[in-house]
Every structure is written in C-alpha cells, then in structure tokens.
Amino acid sequence: MTANKNYTIKSAREDLDKGQISAQELFNYYRDKINTENKNLNAYLTVFDFPNSKFLIPNSLLAGIPCAIKDNMLIKGTRTTAGSKILENYIASYDATVIKKLRTTGVVFLGKTNLDEFAMGTSTENSAYGPTKNPLDISRVPGGSSGGSAAAVAADLAIFALGSDTGGSVRQPAAMCGIVGLKPTYGRVSRHGLIAMASSFDQIGPLTKTVEDSAIVLNTLCGHDIFDSTTVKKEVPDFTATLNDSIKDLTIGVPKEFFAMPTGRQGAGLSLEVAECVKTTIAKLETLGCKIKEISLPNFEYALATYYIAVPSEVSANLARFDGIRYGYSAQDGENLIDTYFKSRTEGIGPEPIRRIMLGAHALSSGYYDAYYLKAQKVRALIKKDFDDAFKDVDVMVGPTTPNTAFKIGEKASDPLALYLEDIYTVPLNLAGLPGISIPCGFGSQSQMPVGFQIIAKPFDEATLLRVAHQLEQALKTI
Ligand code: GLN
C-alpha cells in the first residue's frame, strides 16, 4: 500500500482505481492518522469503524473515499451531539438526506466532527466538548462553527467533510484553515436530518481541498427532497462539466462597501493583511480576462444587525424542542414538569445558545415584535433586493471571506460582539439565500495565516461560481 499524503478525491480515486490502495487500506490510513493527531486538534468527536456495507459502486467518483461529517447531521444508529451537552448520548434514529445521498455513492464515513454548540459561533470555542485547534497553528482557532470539519480536512484527517452554513460556518472555517468551503443556494440541498439552527438560513455544504472536489461532492448533495419543502425542483447540472469553460469576459463585481464603510458607521473591520491579499487576487482575475466593475450594496452595513435579530428569533423557536423530555439529557431532580424543563435546559445548554434563545424570545415578544423581528424581515428583503439589482450588471461578486485571519484561542471568547463581527462578509449571502465559496488566496503578511477569497453568484448559479473559483485556484498556484 502506498498511501499518498494529502489525497484529494481525484487523486485517491486514481489510486483506488489503479488498485494501488484498497478502500480498507485507505480508511485504515486515515483512522491511524486520526488516532495519533486528533488528541492535539480535537477535530473529531466520534470515530467509526470500517463499514461492512457495500461501498464499491461502479462509476462513482466517491466510492471508497473517506469523509467526515459535522456532528449536527444525523447518521442512523450513531451519536449526534450538535456540540451540546444536552445531546451527549443522543443516538440518531434516521439518516439525514445528505447522508442517504452520500451512501448511494459508496463513500466511507470516518466520523463526526466538532462544532460550536448547535452551530452557534465563529471559532469552535463554544463546543461543550472543548475547542478545536487550527492545524496550521494550534494556538489559533480553526474558525467556526464547522471548525472540526475544516481542521480535519486541512490536517488531512479526511479527504473531504460536510459542514453547515447559517451565516458563514462552512466558508469562514475554510478560509481560516486554508481550504475550500462552499455554501449552496438556499433550497439546493435538503436540510432534513440537519439539527436546525435557523431554518430559513441553514444550508449544508462541502469542505474540500480543491474546487474540483467541491463540485464532485455538490453533484451528490443537491436535489428536491419530499422531507424538506424548501428544496426546489430544479435540474441539477453536472458541476464538474463546466469547470474549464472560459471565464474570459465575465464581469466581476466588487462591492465598494466591502472595503470602506460610510463614515460615522461601524467599519467592516477589514484588516490590512486580508485587504492586501484580496486586492492582489482581484487583479489576478483581471489578468484572466475578466472585467472588474465596482458595484454598490447600499444596505450591506445593516446585514449583521439584521442577521443577529432574525437568526436568534429562529433559534429560540428551534431549540424549544430540547426540553429534557424528548431528547437527550434530562435533569433527574426536577420537582415537576416545568422545573424539569428549566433544570434540563439550564444544565444541558451552554451560554451562547442561551444568549440567542433570550435575544430571540425578546425580539419575538409582543411589544417588541414590530420593532425588531418585523423590521429585520423588511431589511432582509432590502438586502436581497440590493443583490438582485447588482446582479443585473455582473456575473459574480468577489471580496474577502472574513475581515481577519485565524485569531488566537481565547482572544475573543469573552466578547460575543467581536466574534459576531467576523461574520460581516458571510451573513449577507444567507440573508439573501445566495451561493458562495471561499478559496484560499494566500497568507496574511502579519499573521502568516491563510486568507480566504469569497466568490458570490446568482441564485442556483453554482456552475459559474465553481468555474470562476476553479480557474482562479489554478491561476493562484502560479503566483
Ligand atoms: N458565526 C455565525 C453565527 O454564530 C454563523 C454560524 C453558522 O453559520 N452556523 O451565527
């Protein structure tokens, strides 16, 4: 057996097909690596054994490929914690739709990865099972909330992973770990069997080492699902087929608000080192024959505030089901039913979800509903309209994925607002339901940590998104 270091789906497929390595050997190679390296990184919460089921499916690019799954997606018969103590011993009773779809390809699941509790966070420091470390510098966070998935792929403890993205949780950790993270259009991928954070925002997406791998995984995930009425009945193209089609003459929009906010307002907080890398990358797109056009998203400055009203509102409703009766942890010393609810939730749910439940319950309460929740819905519509208007003139938009590179563990943990500000470039896409991808575009001149470049496309135009990302990725290799 000759296990190659840092396999992509593509390179592992070649070795498997040539018989240079068997699926079991490939799995063992990753399991051994996890056994030695996970102690330092805490990327995995649960690891699985090699399956007895059929995985050699002819003509499937993913057959025998080992992957990792964020621990908020259900795999039947296995533990699913969502990073919370309240689900510490919860065993999933069915497969999420994405898991069912992956099974048909013969993929092999290595295990479940760490996350901020119920996917609420930006650094994976909010997990009840301890923080995940960034494999490029273990004193730093891997980003979040899919930090376990991003760290697993970046450390080559999996060939690819799935994450969920409510406000950036696939793209942001991908950026901070120097890998590729894709959030599909809202409605592309079923949320059935994903533990809900904010249902009108959540989407599942792949974390991969290359854009081509991202297209391969996306091909499997998409499609209408009778168990998720928000999935659309839309043709799913083969996203790998158009990766090399010309991007010459595409118009690339650069929202001016990404780089400078109106005076007197809270700035986007863009660090110099990220701005430098992103500007160099935009120039690279120009050398590939794209037209660069400055555009405007006038309501961008309200996106973060809108997100942090609308999302906690949905969180407060979605987390009501974790009451100590139906799922997981249950306080044994409750004096009556209400007391059992109180005690189970107080002991089982951590500080960040509690903060959001309280914020959401407040925003939805009568007397405040109009001022907060309803207002946020109106601004959400305006933000969506800004994108629709701007997309009349451009094919894709680009900018930074995050204002800063990976920060030190503990640096922002006590300041929730500082953490929320890290989401400034990612949340607008979830508010508008748009697809986006983060690809690595270099290293910060100060921190020496990876910088993510975000590309945004029109709804359901993942094909163009991946095409631009793939060709830019190839061009960046030659810097
Ligand atoms: N960091 C964002 C938040 O805490 C996004 C989370 C996510 O996408 N799951 O809400």
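Anything mentioned here points back to the structure above.
*Asks:* Describe in detail the pattern of salt bridges, supporting the description with residues and values.
*Replies:* Taken as a whole and assessed by the stated rule, the structure comprises 19 salt bridges. Glu212 serves as the salt-bridge partner of Lys10, at 3.3 Å between the closest nitrogen and oxygen. You can see Lys10 sitting in helix 1 (residues 9-17) and its partner Glu212 sitting in helix 6 (residues 211-221), a full 202 residues away along the chain. Assessed through its relative accessible area of 37%, Lys10 is described here as partly exposed. Among the ionic pairs, Arg103 bridges to Asp95, the shortest N-O distance being 2.7 Å. Of the residues examined, Arg103 reaches a relative accessible area of 36% and is grouped as partly exposed. Under the relative-accessibility criterion, Asp95 is labelled buried at 11%.

*Asks:* Give me the lowdown on the packing of aromatic side chains, citing residues and values where you can.
*Replies:* One pass over the full model with this rule turns up 13 aromatic pairs. Pairing Tyr307 with Tyr308 gives two aromatic rings, centres 4.7 Å apart and planes at 75°, and the pair type is edge-to-face. Summarising the burial analysis for this pair, Tyr307 and Tyr308 share the class buried. Here the aromatic rings of Tyr369 and Tyr373 are separated by 5.3 Å at their centres, their planes lie at 40°, and the arrangement is tilted. What makes Tyr369 partly exposed here is its relative accessible area of 32%.

*Asks:* A description of helix 1 should follow, citing residues and the corresponding values.
*Replies:* Along helix 1, the positions that sit buried rather than exposed are Ile9, Ala12, Arg13, Asp15 and Leu16. Seen from one end, helix 1 has its buried residues packed into an arc of 165°, which puts them on one side. Elements in contact with the buried residues of helix 1: helix 2 (23-41), strand 4 (160-165) and helix 6. Just beyond helix 1, the residue with positive phi is Gly19, at close to 80°.

What counts as what
Residues numbered from 1 in each chain as written. Predicted model: local features only at pLDDT ≥ 70, side-chain atom pairs only at ≥ 80, totals over all residues. Heavy atoms only, no water. Salt bridge = Lys/Arg side-chain N within 4 Å of Asp/Glu carboxyl O. Helix = DSSP H or I, 4+ residues; strand = E, 2+ residues; numbered from the N terminus. Buried < 20%, exposed > 50% of the residue type's maximum accessible area, 1.4 Å probe, protein only. Phe/Tyr/Trp six-rings, centres within 6.5 Å; stacked < 30°, edge-to-face > 60°. Arc of directions from axis to C-beta. Contact = heavy atoms within 4.5 Å.

Just distances and angles here, no functional claims.
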